[in-house]
Amino acid sequence: MNNRDQFRPDDHPNDHFLLTTVVGSYKKPKWLDRARDLHEDPDSGFDDDNWQEAADDAARLITEEHERTGMDVVCDGEMRRTEMVEYFAHRIDGYEFPGRVKVWGHNTFDKPAVVDEVAYDEPWLVDEFEFTDSVAERPVKVPITGPYTIARFSFNEHYDDYEEYAYALAELVNTEIDNLVDAGAQYIQIDEPALAMTPTDHAVVGECLERIVDDIPEDVRIGLHVCYGDYSRIYPEVNDYPIDEFDVELCNGGYEQIDVFTDPDFEPDLALGVVDAHHAEVESVEEIRENILEGFKVVPPEKLTISPDCGLKLLPREVAYGKMENMVQAAREVEAELDAGEIEVGFAAPSAD
C-alpha cells in the first residue's frame, strides 16, 4: 500500500513529489539545557510546571523552525528527550539505574539495567506528539528508539538472552504505537543504531519489527533508521522487514555503499541522507542535488524520501537550519527537473516506467 501520498501538501508546486523530512534530534536551545538543570536541582524552586512550560516553548520553536524550511514532515527535534535509551527506560517498568557510564569523550549516560519483566505503565510519547501536532501545520513524525537498541545498550540482569529481552520490548513498542495512532500519528520511525554494530542479528531485528507492526493499520507509515555501518551485512535481508521505508546514512561515506542496494531490487521506499549530520558546514543546493540523484540508482522518484544522514543535535542550530533549508530547496529543484524530463539517472531517467 502507498501511504506516502497523505504527506504531500495540497499546495505542492510540482507534479513529482520527493518527501522531505528529518531523522529526529536537533540542537536544543541553551536556555532549555539550563531549564533542565534547574528542574533537576531540588533546591532551585523550578518545578514540574516550569519545566513543562520551557519544554513546550522549545518544542514549539523547533517545530516552527523545521516548518520554515518548507519541509513536508516535521518533528520537535526531541526537545523533551535526553539520551535515546535512558529516556525510554525511565518510562518502562522493570529498570534500575546503577550509575552513569562513559560513552565517548567526556560524555556519559545513565545506562539502565533491566532487573525484572519489562512492562508498559503509561504512554511514553503521546503527550509529546499531541503537543507537537497541535502547534504544527505540517504532518508530524514520531521517532522511537527500537527494542533491539534498548536491549543492546542496557545491562541485562533478568532475561536469558538479548533476543528474549528485545522481543519483550517490541511488544511494548507495539502498544505505544497503538496509543500514538489513536492520538492521530501517521508516521512512525523506529531507530535501531545497534543493528549497524551487530549486523548478524538482522533476523532478531526483523522479528522485533513483526511484533512492532502487529495490527497497526496499513495507512500508518513505518520507517526504520539504521546509522552508518556495513549495509552489505543486512541487505537484502531488510527487504523482508515489514516496513514502508528504510532510512540510511550514506552522505557521510560519500555514497560508497549505494550500489549495495541495487542488487537485488530494493523493496521498501528509500529514505536517503543527503546532508552530513557530522560536518558543521552547510552543503550547497547544487551539492545536495547531486546527492539526491544517487538515490535514483536504487529507487524511482515516487519511492525516494529526502532527509539528513542522521539527527542534527550535534550541529550548531544555524548550521542545522541551513542544511535543512538547502535540502528542501534542492528537492524542489530536482522535482521540477523530473517534471521537465531533464534527469537521466537510473530510475529517474525519462524512459523509465
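Just so you know, these numbers come straight off a predicted model, no measurement behind them.

Enquirer: Can you walk me through helix 6 (residues 162-182) in this structure?
Expert: Note that an α-helix has 3.6 residues per turn; residues three or four places apart therefore point the same way. Spanning 21 residues, helix 6 covers 30 Å between terminal C-alpha atoms, matching the ideal 30 Å at 1.5 Å per step. Where helix 6 begins, the capping side chain belongs to D161, and its oxygen is found 3.1 Å from the backbone nitrogen of E163. Just past helix 6, the residue G184 takes up positive phi, approximately 115 degrees.

Enquirer: How should I be thinking about the packing of helix 1 (residues 30-40) against helix 2 (residues 48-68) in this particular structure?
Expert: When two helices pack together, their arrangement is given by the angle between the helix axes and the distance between those axes. Remark: helix 1 packs on helix 2, axes separated minimally by 10 Å, with the N-to-C direction vectors making an angle of 160 degrees. In terms of axis orientation, helix 1 runs roughly antiparallel to helix 2. Along this stretch, helix 1 crosses helix 2, giving a crossing that reads as left-handed. When helix 1 is examined against helix 2, the residues W31, L32, A35, R36 and H39 are found in contact with a partner set consisting of D48, W51, A54, A55, D57, A58 and L61.

Enquirer: I'm lost on empty space enclosed by the protein in this one. Help?
Expert: To find leftover empty space, a probe the size of one water molecule is rolled over the atoms. Counted by the stated rule, this structure contains one cavity of 30 Å³ or more. Looking at the largest cavity, its volume works out to about 50 Å³. Around the largest cavity, the lining residues are C75, D76, E78, R81, E128, F129, T132, V140, K141, V142 and P143. Broken down by element, the lining of the largest cavity gets its largest block of residues, three residues, from helix 4 (residues 126-135). Per-class residue counts for the lining of the largest cavity are five nonpolar, one polar and five charged.

Enquirer: Just to check I follow, could you spell out the packing of aromatic side chains for this structure?
Expert: Aromatic ring pairs are described here by two measures, namely the spacing of the ring centres and the angle between the planes. Here the structure, examined in full by the defined rule, presents 12 aromatic pairs. Between the aromatic rings of F7 and Y187, the centroid separation amounts to 5.0 Å while the plane-to-plane angle is 40 degrees, which identifies the pairing as tilted. Within this pair, whereas F7 is found in the segment before strand 1 (19-20), its partner Y187 is found in strand 8 (residues 187-191), the two being separated by 180 residues in sequence. The exposure class assigned to F7 is buried, which follows from its relative accessible area of 4%. Taking relative accessible area as the criterion, Y187 reaches 0% and is therefore assigned buried. Consider the rings of Y159 and Y165, whose centres lie 5.3 Å apart with planes at 10 degrees: the pair is stacked.

Enquirer: Help me understand the sheet that holds strand 12 (residues 304-307) in this model?
Expert: The pairing of strands in a sheet comes from backbone hydrogen bonds and takes either a parallel or an antiparallel form. In spatial order, the strands read 1-12-11-10-9-8-6; together these seven strands make up an open sheet with parallel pairing. The two strands at the open ends of the sheet, each matched to only one other strand, are strand 1 and strand 6 (142-145). Bridge count for strand 1 against strand 12 is two bridges, and the pairing is parallel. Residue pairing in the sheet places T20 in a bridge with I306 of strand 12.

Enquirer: Explain the layout of surface pockets to me, please; I cannot follow it from the model alone.
Expert: In this structure, the second largest pocket spans a volume of roughly 650 Å³. If you go around the second largest pocket, you meet 22 residues; those closest to its centre are W51, R80, Y87, R91 and W124. Of all the elements in the fold, those that place two or more residues in the lining of the second largest pocket are helix 1, helix 2, helix 3 (86-89) and helix 4. Examining the composition of the lining of the second largest pocket, we find that five residues originate from one element, helix 2, more than from any other. Within the lining of the second largest pocket, the residues separate by chemical class into eight nonpolar, four polar and 10 charged.

Conventions and cut-offs
- Residues numbered from 1 in each chain as written.
- Predicted model: local features only at pLDDT ≥ 70, side-chain atom pairs only at ≥ 80, totals over all residues.
- Heavy atoms only, no water.
- Helix = DSSP H or I, 4+ residues; strand = E, 2+ residues; numbered from the N terminus.
- Expected span 1.5 Å × (residues − 1).
- Polar contact = N/O pair within 3.5 Å; in protein donor to acceptor, adjacent residues only side chain to side chain.
- Axes fitted to C-alpha atoms, helices over the stretch in contact; angles between N-to-C directions.
- Parallel < 35°, antiparallel > 145°, perpendicular 65-115°, else oblique.
- Left-handed = near helix turned anticlockwise from the far one by under 90°.
- Contact = heavy atoms within 4.5 Å.
- 1 Å grid on protein atoms, 1.4 Å probe; cavity = no way out; pocket = protein on both sides within 12 Å on 5 of 7 lines; lining within 4 Å.
- Points joined across faces, edges and corners; volume = space filled by probe spheres on them.
- Nonpolar A, V, L, I, M, F, W, Y, C, P; charged D, E, K, R; others polar.
- Phe/Tyr/Trp six-rings, centres within 6.5 Å; stacked < 30°, edge-to-face > 60°.
- Buried < 20%, exposed > 50% of the residue type's maximum accessible area, 1.4 Å probe, protein only.
- Pairing = 2+ DSSP bridges.

It is worth stressing that arrangement in space is one thing and function is another; only the former is reported here.
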